[in-house]
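Here's the letter readout for the chains.
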Amino acid sequence: METHRPRYAVHAALIVICLVLACPALYALQVSTLTLEEAFTVPPKLFPPSTDFYGNVSSLFTDQNFGQLMLNTLNVSMLVVVVKTLFAMLAGLAFVYFDFPGKWLLFFFILLTLLMPTELILMPLSGLVSQLEWVKQDPDLALTIPFLASAVGTFLFRQHFSNIPRELVEAAQLDGAGPLRFLFLVLLPLSWNVIGAHAVIQFISMWHQYAWPVFIGLRPEDQMIQVGVRKAVIVGTQTDFGLLMAAGVVASIPPLVFFVLLQKQFMSGFALMRDK
């Protein structure tokens, strides 16, 4: 009988790689504890941590309005995740279970949009939201409506639905189930892993939105968290690196928590797509 010997070298190499990859995050956490004077010491203080982390974080929420910015970003991100996932599922349903002229051409065009740089559509989208006066009257619409369509989500759900046995469709038709009933009662329970993977991708993407909120010129109280991180950089004529890193650490907590909560579904969803 063949015995499996522990591969200590492999595990040691993986531990070293993980530590190297974690160094930037650990360094950011270390710098976030520094005062303004300590942040400019040469060489920089690497250990032990200083004592100003609480002061930096308190300054973000009292002086930089981080609480409101994080709430704005959370509302926008969750709305986009829910609606975008629903639209992607409906698109996947249409491309798999419906026959209509030009279906494959339309699907090819949707995939082609993945190659289009986001910066290319900023100007026309900005003109559109300005004409509709969303920026001043309803900034949530300006931040969400342009991002509710998902080529990535359409592709994921189309691939997932195409591998579900056709017998389920025939059984649903015999029971008199319409397309939406079939979607929510049959396909939805079979798609939680793909939904989780898509939700993580879209939440992180929306949480890190910076160019669009700056480009359309939202009011400071309506901005998103990444804009707040950028504005926290400058204090007078100097860059407070401790405050900057504290802003980065605080801003990274919600997407990290979201990923941890859906980690199992995220990994299972992509493993499912890979196996198929």
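In the block above lies the structure referred to throughout.
Residues numbered from 1 in each chain as written. Predicted model: local features only at pLDDT ≥ 70, side-chain atom pairs only at ≥ 80, totals over all residues. Heavy atoms only, no water.

**Observations concerning the overall build of the chain**
Going by this rule: In DSSP terms, a helix is any run of H or I states spanning at least four residues, a strand is any run of E spanning at least two, and both are numbered starting from the N terminus. Atoms considered for the radius of gyration are the C-alpha atoms alone. The globule rule reads 2.2 Å times the number of residues to the power 0.38. Throughout, exposure labels follow a simple rule: accessible area from a 1.4 Å probe, protein chains only, divided by the maximum for the residue type, with under 20% read as buried, over 50% as exposed, and the rest as partly exposed. Note on contacts: a residue pair is in contact if any heavy atoms of the two residues lie within 4.5 Å. Each accessible area is a Shrake-Rupley estimate made with a 1.4 Å probe; only the visible protein chains count as cover when residues are assessed.
From N to C terminus, the chain includes 16 helices and two strands. The C-alpha radius of gyration computed for the chain amounts to 23 Å, which surpasses the reference 19 Å derived for 276 residues by more than 25%, pointing to a less compact arrangement than a globule. The burial tally for the chain puts 38% of its 276 residues in the buried class. Sequence separation of at least 24 residues holds for 74% of the intrachain contacts in the chain that already meet a minimum separation of 6. If you sum the accessible surface of the chain, you get close to 16,600 Å²; carbon and sulfur atoms cover 69% of it.

**Some remarks on the environment of Gln173**
Tracing the backbone through its elements, the reader meets Gln173 in helix 10 (residues 166-174). According to the relative accessible area criterion, Gln173 is exposed, its value standing at 56%. Placed 89 residues apart in sequence, Gln173 and Leu262 show a C-alpha to C-alpha distance of 33 Å.

**Focus: the layout of surface pockets**
What counts, and what does not: With a 1 Å grid laid over protein atoms only, a set of points is called a cavity when a 1.4 Å probe fits there but cannot get out and a pocket when it is open yet has protein on both sides within 12 Å along at least five of seven lines; lining residues have an atom within 4 Å of a point. Grid points are joined across faces, edges and corners, and a volume is the space filled by probe spheres set on the points. For this scheme, ten residues count as nonpolar: Ala, Val, Leu, Ile, Met, Phe, Trp, Tyr, Cys and Pro. Four count as charged, namely Asp, Glu, Lys and Arg, and the remainder, Gly too, count as polar.
Put simply, the largest pocket is a space of about 770 Å³. What lines the largest pocket is a set of 23 residues, among which Lys84, Thr113, Ala149, Ser150 and Ala151 lie closest to the centre. Residue assignment for the lining of the largest pocket shows that the elements contributing at least two residues are helix 4 (66-97), helix 5 (103-112), helix 9 (151-162) and helix 12 (192-207). Split by residue class, the lining of the largest pocket holds 15 nonpolar, seven polar and one charged. Leu93, Tyr97, Phe98, Arg166, Val169, Ala172, Gln173, Ala177, Gly178, Pro179 and Phe182 are the residues that line the second largest pocket. Sorting the residues of the lining of the second largest pocket by element identifies helix 4, helix 10 and helix 11 (179-187) as the ones contributing at least two each. Considering each element in turn, the lining of the second largest pocket owes the most residues, four residues, to helix 10. Its residues assigned to classes, the lining of the second largest pocket shows eight nonpolar, two polar and one charged.

**A closer look at the packing of aromatic side chains**
Formally: Pairing of aromatic side chains here covers Phe, Tyr and the six-membered ring of Trp, requires ring centres within 6.5 Å, and sorts the geometry by plane angle: under 30 degrees stacked, over 60 edge-to-face, intermediate tilted. Comment: the charge-over-ring label is applied if NZ (Lys) or CZ (Arg) is within 6 Å of the ring centre and within 35 degrees of the ring normal.
Scanning the model with the defined rule gives eight aromatic pairs in all. Taken together, a centroid distance of 5.4 Å and an interplanar angle of 85° make the contact between Tyr97 and Phe182 edge-to-face. Of the two residues, Tyr97 sits in helix 4 while Phe182 sits in helix 11, which places them 85 residues apart along the sequence. Here Tyr97 falls in the buried class, since its relative accessible area comes to 17%. A ring pair is formed by Phe203 and Trp207, whose centres lie 5.7 Å apart and whose planes are at 20°; its orientation type is stacked. Pair noted here: Phe203 and Trp207 are both in helix 12, with a separation of four residues, about one helical turn. Both residues of the pair, Phe203 and Trp207, count as buried. Grouping aromatic residues by their ring pairs yields a cluster made of Phe95, Phe100 and Phe107. Over the ring of Phe107 we find Arg158, and its NZ or CZ is 5.0 Å from the ring centre.

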